[in-house]
Structures are given as structure tokens and as C-alpha cells.
Amino acid sequence: MLARSTTQCQTDAPAGDLWRSELTTAFTQVEPLLAFLGLAREHVADLDPTPGPFPLLVPRGFAALMRPGDAHDPLLRQVLPLATERIARDGCRDDPVGDTAATCAPGLLRKYAGRALLMVHGGCAVHCRYCFRRHFSYSGLGHYGARIATAVAAIRADTTLTEVILSGGDPLLLSDDSLRALLAQLAAIPHVRRLRLHSRLPVVLASRITPRLGDLLGALHPRPVLVIHANHARELGVAVQAGLRALGGHGVTLLNQSVLLRGVNDSADALAQLSERLIDCGVLPYYLHQLDLVQGAAHFAVPDRTARDLLAALRARLPGYLVPRLVREVQGESCKRPLA
Ligand SMILES: *Cc1c(COP(=O)(O)O)cnc(C)c1O
Ligand code: SF4
């Protein structure tokens, strides 16, 4: 498991950290996950029981939020490998958003004014089948220490940067000590005024939100922005809600980004319920992304017209602050392109 996270993780966390043991017991095979849900292979049309280089990975806590016996469960659909992923599609690419072209140091991407995105960890706690980085070779980034030192030096040298985004993979897979050291280095750079983390762990591995992590993030000045990633209201169970509320209590600004996914959240009801559940957890909707056309994910695509109609329906029934910005990432543009 965690095939892509090999060398980078510093294992200096206290022994017995619950989230680490939960990672080691995550589902990595299709059959045991289906058995856990009371499903047989025949219940799932087009199943790929042995996906290749992007294997199944699902923490048990996330699987526990799925509806037993339902092959169309929106949480299950996000993680279940299908044979259609293997069919090469016109217009789909391995690097759909031009990450290679935007790289200014290993793992450091510079696309938008004032902001740099640093890929600090190659692993994830879950493998989302629609992920635009599913073909990215994190192992090519090199050794953690040397790479991060180079990236931090590049950020220090560029006084036009005012914000650094820690991303991945998932930056919260770093140990608390590695994370604290990195954030302290970045916070000490005078022109870096904001620190942001993009992480799916608060949703798929709620045990990662420990009091220690809350203290760590709450001690930063200014307080960081944490952008979580949930696509469906049912991903936000009671454990997730408790973790998010705790982080909010530490002064962390909480936002959510979602991907619009066919068969998962492509209805006004699903999107409205997600926004309302998010605010219950102290999180504001930020982006609703149109799918990046990565090879293997075409079956999740929702037409732009449908997407705009869904946004109009949301606007008609929710307060403005609960309506996410519908965007698509287009290579070479100066911001994520608004679609609605
Ligand atoms: C999405 C993204 C950002 C952040 O964009 P915001 O609109 O500020 O959320 C920054 N850098 C890269 C490379 C990105 O892909
Ligand atoms: S969408 Fe995020 S959490 Fe999911 S596989 Fe991609 S990087 Fe990992």
C-alpha cells in the first residue's frame, strides 16, 4: 500500500499514533472491500478487480460511511476501479493541467500570481479514481530533505510570492515534527504572508486531526488556511465533524473543494446537502471543479451545460456563501477559469 509514498515520510511521530495504524489497515484489494460492504463482484458492472499502477486504497473509516449493499454508493464510486479506466480516450492526458510546464523546482509549481504550490508528500490516504495526479511520478521528485531545502530556498529568493500552498499527494501524511519544521521555515520568510494546506485527510482519515495537530496549526501566525476535499455530504460523518470543529476552534480557516463527478454528486440535492453539511462542520465551500481530463477518469465527466444548470439551481436555494465557485483549470491561464 501507499506505493507512491515510499521514502519521503519521516516516521518521527509518537509510536502508536492511531492514524498511522489506520493507514496500515486500509483496504488495498477490491475483494475485501466488496465483502465488507456485502457486495459480490457480479453486483458491480465493469469492475476492475486488479487495477494496475494506481491500486485501490480506502481507509476503513471511510468505507464505514458507505451504504452496505449499494454498488452505486457515491462514496464507493469515487474509489472503485473500473475496467473503463484502461481505455485511452481522445482529449484525455496524463498531465491534464500542465503541471510539468509550471514546475520551477522539483515539486514546486508556480502557476498563479503570488502563489506557489509545494508537493510535500507523494502519498495519499485514499486513491480517488478521478485524481488528476493519478499518473504523476512522485518518486521522480527525489529525497525529501534535499528537495524541500531547494524549494524553500526558491521561495525565499522570490519576493513576489505571498502565499505557499502545501499539497501533494497529501501534506498531512507528514509527521507532526516534519510539518512543524517546514511550516516554521516558511513562516519565517518575510514576504510569505499566508500558508495554506490542501488535504483530504481530515475527511478520509479523521484520526489525523489530533489535539497535537490542532496545537501545531493554531500556533502559526498568521493562522493557516486548510482546504479540505469532500464531494458528498455523507463523507462528513461525526468523527470528521468533530475534527473539523476542533481545527476551527484553533483559528484555522476551513474551506472545501470538490470535484463535480457523474454518479457521485451531479445533482442539485447532493450539492446542496454537501454545502449544508460543510457549514455544520464550520467549513465554507470554495471550489467546485470541473473534472480535469486525465486518462482513466472520463466516465466521471459532467457536461459544462449540466454543471452550469446545477450551479443555477444551487444559487436559487442556498445563501450565496454556500454556493461554491464552479471552475475549470486551463493550462496557461492566470487563474482557475470561472464557468458560472
Ligand atoms: C489551484 C492552484 C493554486 C491555488 O489557486 P487558488 O485560486 O488561489 O485557490 C495555486 N497553485 C497551483 C499550481 C494550483 O494548481
Ligand atoms: S484527489 Fe487528492 S486525495 Fe485523492 S488521490 Fe488525488 S491527491 Fe490523493
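How each quantity is defined
Residues numbered from 1 in each chain as written. Chains lettered and ligands numbered in written order. Predicted model: local features only at pLDDT ≥ 70, side-chain atom pairs only at ≥ 80, totals over all residues. Heavy atoms only, no water. Near = heavy atom within 4 Å. Nonpolar A, V, L, I, M, F, W, Y, C, P; charged D, E, K, R; others polar. Polar contact = N/O pair within 3.5 Å; in protein donor to acceptor, adjacent residues only side chain to side chain. Areas by Shrake-Rupley, 256 points an atom, 1.4 Å probe, with all protein chains shown as cover. Helix = DSSP H or I, 4+ residues; strand = E, 2+ residues; numbered from the N terminus. Phe/Tyr/Trp six-rings, centres within 6.5 Å; stacked < 30°, edge-to-face > 60°. Buried < 20%, exposed > 50% of the residue type's maximum accessible area, 1.4 Å probe, protein only. Lys NZ or Arg CZ within 6 Å of the ring centre and 35° of its normal. Pairing = 2+ DSSP bridges. Contact = heavy atoms within 4.5 Å. Axes fitted to C-alpha atoms, helices over the stretch in contact; angles between N-to-C directions. Parallel < 35°, antiparallel > 145°, perpendicular 65-115°, else oblique. Left-handed = near helix turned anticlockwise from the far one by under 90°. Core = buried A, V, L, I, M, F, W, Y, C linked by side-chain atoms within 4.5 Å. Domains from an automatic or database assignment.

Asker: Describe the site of ligand 2, naming the residues involved and giving the relevant values.
Answerer: With respect to spatial proximity, the complete set of residues near ligand 2 consists of Cys 124, Val 126, Cys 128, Cys 131, Arg 200 and His 229. For the shell around ligand 2, the class distribution of residues is 4 nonpolar, 1 polar and 1 charged.

Asker: I'd like a description of the site of ligand 1, backed by residues and values.
Answerer: Every residue lining ligand 1 is accounted for by Leu 109, Lys 111, Tyr 112, Arg 115, Leu 117, Ile 165, Arg 196, Tyr 286, Tyr 287, Glu 329 and Lys 336. Measuring from an oxygen atom of ligand 1, one finds a side-chain N or O atom of Tyr 286 at 2.6 Å. One nitrogen or oxygen atom from the side chain of Tyr 287 is found 2.6 Å from an oxygen atom belonging to ligand 1. Starting from 380 Å² of accessible surface for ligand 1 in isolation, the protein chains cover 92%. Broken down by secondary-structure element, the contributors of at least two residues to the shell around ligand 1 are strand E3 (115–121) and strand E8 (284–289). Across the shell around ligand 1, the residue classes tally to 6 nonpolar, no polar and 5 charged.

Asker: Give a detailed account of the packing of aromatic side chains, specifying residues and quantitative values.
Answerer: Considering all chains together, one arrives at 3 aromatic pairs under this definition. With 5.3 Å between their ring centres and 50° between their planes, Phe 27 and Phe 36 make a pair best called tilted. Judged by relative accessible area, Phe 36 falls into the partly exposed class, the value being 40%. A cation over an aromatic ring shows up here: Arg 60 above the ring of Phe 27, its NZ or CZ 4.1 Å from the ring centre.

Asker: Could you give an account of the sheet that holds E8, naming the residues involved and the relevant values?
Answerer: Judged by pairing direction, the sheet is mixed, and its 10 strands sit side by side in the order E1-E2-E3-E4-E5-E6-E7-E8-E9-E10 without closing on themselves. The open sheet has two free edges, formed respectively by strand E1 (103–105) and strand E10 (337–338), since each of these has just one partner strand. For E1 and strand E2 (residues 108–109), the ladder comprises 2 bridges, and the chain directions are antiparallel. Each residue of the ladder has a partner; that of Ala 105, found in E2, is Leu 108. Where helix H10 (residues 268–280) meets the sheet, its contacts fall on strand E6 (225–229), strand E7 (253–259) and E8, and the angle it forms with E8 comes to roughly 145°.

Asker: Break down the side chain of Asp 70 for me, citing the residues and quoting the values.
Answerer: Tracing the sequence through the fold places Asp 70 in the loop between helix H3 (60–63) and helix H4 (74–79). At 3.0 Å, the side chain of Asp 70 and the side chain of Arg 67 are in polar contact.

Asker: Quick one: what's the story with the packing of helix H5 (residues 144–157) against helix H6 (residues 176–187), residue by residue and with numbers?
Answerer: When two helices pack together, their arrangement is given by the angle between the helix axes and by the axis-to-axis distance. The N-to-C vectors of H5 and H6 enclose an angle of 20°; their axes lie 10 Å apart at closest approach. Taken together, H5 and H6 sit at an angle that is classed as roughly parallel. Viewed along their axes, H5 and H6 form a crossing whose handedness is right-handed. Here Tyr 144, Ile 148, Val 152 and Ile 155 of H5 lie close against H6, whose contacting residues are Ser 178, Leu 182, Gln 185 and Leu 186. In terms of residue class, the contact of H5 with H6 is built from 6 nonpolar, 2 polar and no charged.

Asker: Account for the nonpolar core, naming residues and giving values.
Answerer: If you look at the biggest cluster of nonpolar residues, it comprises 79 residues, and the most contacted ones within it are Val 58, Met 66, Leu 166, Leu 182, Leu 186, Leu 217 and Leu 236. Looking at this core, the element that brings in the most residues is H5, giving 5 residues. Of the domains in this structure, domain 1 (6–86) and domain 2 (99–123 + 130–338) are the two that each give at least three residues to this core. Beyond its immediate chain neighbours, meaning those up to four positions away, Leu 186 contacts Val 152, Ile 155, Val 164, Leu 166, Val 192 and Leu 195.

Remember, this is a structural readout, not a statement about activity or role.
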